Amino acid sequence: MSFPEYEIFPDGQAVAASACERILAAAEQAISDHGTFKIVLAGGTTPEACYRALADSDSDWVNWHVYIGDERCLPVDEPDRNSVMAARSLTSHVPIPSSQVYLIPAEQGAEPAAKAYADVVAGALPFDMVLLGMGEDGHTASLFPGHSHDESALTHAVHNAPKPPPDRVSLSAKSLANTRKLLMLITGTGKQEPLTRWRAGENLPIATINAENTLVMLDEAAWPE
Ligand code: 6PG
């Protein structure tokens, strides 16, 4: 896939603020079109800033359905879990019914959690919006370079992740691409190298998410020019 449409912002806060506006607009459109807004949240620092901005905004929260793009196999209340970050920055501050926040039961171990969440994802597709970050090695969600998975699956159990913890659960590239809109939030100088490799056509995990309506939102520090 060629490099998607992109937009460069002065800094991470500006990326987070603009992503927040786009998410609110997508929610309004989805709820008026079909009554619900199904969004997949990413882990990472820029998404967290965006969630804090969302938590201070107005939306038709009762019609939001929130999914987690990847989860770390840690105890339920561990602060490093992506679901705990999402709760601390967004879902515990707005009136989304808790039954509409779909957590990955990663505390049960990667295999059973991936299996259970595949059923949840199957019932949710297509998503209205998917958010993704990118790691310094070109990973996204918990899809890491050099790992191979059954491409037809909706979720994957992940072991030996180079970013701790080693055991994780991830939505597959196929699930993450099955969305009406995809936003990739990428900030910081550490992202220049993988962005250069991605633009040169390297098949990094992030480059395998082939959603039609993708926008890469970058800060100036991340952009390698
Ligand atoms: C995780 C994340 C991961 C993250 C990237 C970017 O669970 O670790 O889902 O894929 O999005 O590593 O993170 P930053 O935005 O913090 O650089």
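Use the structure listed above.
Residues numbered from 1 in each chain as written. Predicted model: local features only at pLDDT ≥ 70, side-chain atom pairs only at ≥ 80, totals over all residues. Heavy atoms only, no water.

**Observations regarding the sheet that holds strand β10 (residues 214-219)**
Two strands in a sheet stick together by hydrogen bonds in their backbones, pointing the same way (parallel) or opposite ways (antiparallel). What the seven strands build is an open sheet, ordered β1-β10-β9-β6-β2-β3-β5; its pairing is parallel. Every interior strand has two partners, whereas the edge strands, β1 (5-9) and β5 (101-102), have only one. Relative to β10, β1 runs parallel, the two being bridged by five bridges. Bridging from a neighbouring strand, Y6 pairs with V216 of β10. Set on the sheet, helix α4 (residues 110-124) makes contact with β2 (37-41), β3 (64-68), β5 and β6 (127-132); between it and β3 the angle comes to about 140°. (Pairing = 2+ DSSP bridges. Helix = DSSP H or I, 4+ residues; strand = E, 2+ residues; numbered from the N terminus. Contact = heavy atoms within 4.5 Å. Axes fitted to C-alpha atoms, helices over the stretch in contact; angles between N-to-C directions.)

**What about the pairing of strand β9 (residues 179-186)?**
Here β9 lies mainly inside the structure; six of its eight residues are buried. Of the pairings in the sheet, the one linking β6 to β9 comprises five bridges and is parallel in character. The residue bridging M129 from the neighbouring strand is K181, located in β9. Here β9 runs beside β10; their pairing, made up of five bridges, is parallel. Residue L183 lies in a different strand from β10, and its bridge partner there is L215. At this point the chain moves from β9, through helix α6 (residues 192-199), to the parallel β10, and the crossover so formed is right-handed. (Buried < 20%, exposed > 50% of the residue type's maximum accessible area, 1.4 Å probe, protein only. Right-handed = clockwise from strand over helix to strand, strands pointing away.)

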